[in-house]
Amino acid sequence: MTDVEWSRHACNLLKAELARAGIGYEELVRRLAEIGIEESYKGIAAKINRGTFSFAFFMQCMKVLGQKTVRLSE
């Protein structure tokens, strides 16, 4: 896989976890703020839709979604 494909996979994985949890970007912003991560709605939407987020951001999102494990493939 290329870097672009890996980024797209990470983006899709994060979107799937948000959908599975029934969480939208506004709620994600609120939950991230609770753990000290200040992000705007527009910033979150841009990062996720472009797939240009760090692994640290991904882990922060998984933390606030209550995920302890992540499957890389089905």
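Let us look at the structure shown here. (Residues numbered from 1 in each chain as written. Predicted model: local features only at pLDDT ≥ 70, side-chain atom pairs only at ≥ 80, totals over all residues. Heavy atoms only, no water.)

Our focus in this paragraph is the state of the cysteines. For the structure shown, the criterion picks out zero disulfides. Cysteine 11 takes part in no disulfide bond, and the closest cysteine sulfur, belonging to cysteine 61, lies 11 Å away. Taking the relative accessible area as the measure of exposure, cysteine 11 reaches 0% and is therefore buried. The buried category is assigned to cysteine 61, whose relative accessible area is 0%. (Disulfide = S-S within 2.5 Å. Buried < 20%, exposed > 50% of the residue type's maximum accessible area, 1.4 Å probe, protein only.)

Quick look at the packing of aromatic side chains now. Summed over all chains, the structure comprises four aromatic pairs. A ring pair is formed by phenylalanine 53 and phenylalanine 57, whose centres lie 5.7 Å apart and whose planes are at 55°; its orientation type is tilted. Here the two residues phenylalanine 53 and phenylalanine 57 agree in accessibility, since each one is buried. Through a chain of ring-to-ring contacts, the aromatic side chains of Phe53, Phe55, Phe57 and Phe58 assemble into a single cluster. (Phe/Tyr/Trp six-rings, centres within 6.5 Å; stacked < 30°, edge-to-face > 60°.)

Read these as geometric descriptors, not functional statements.
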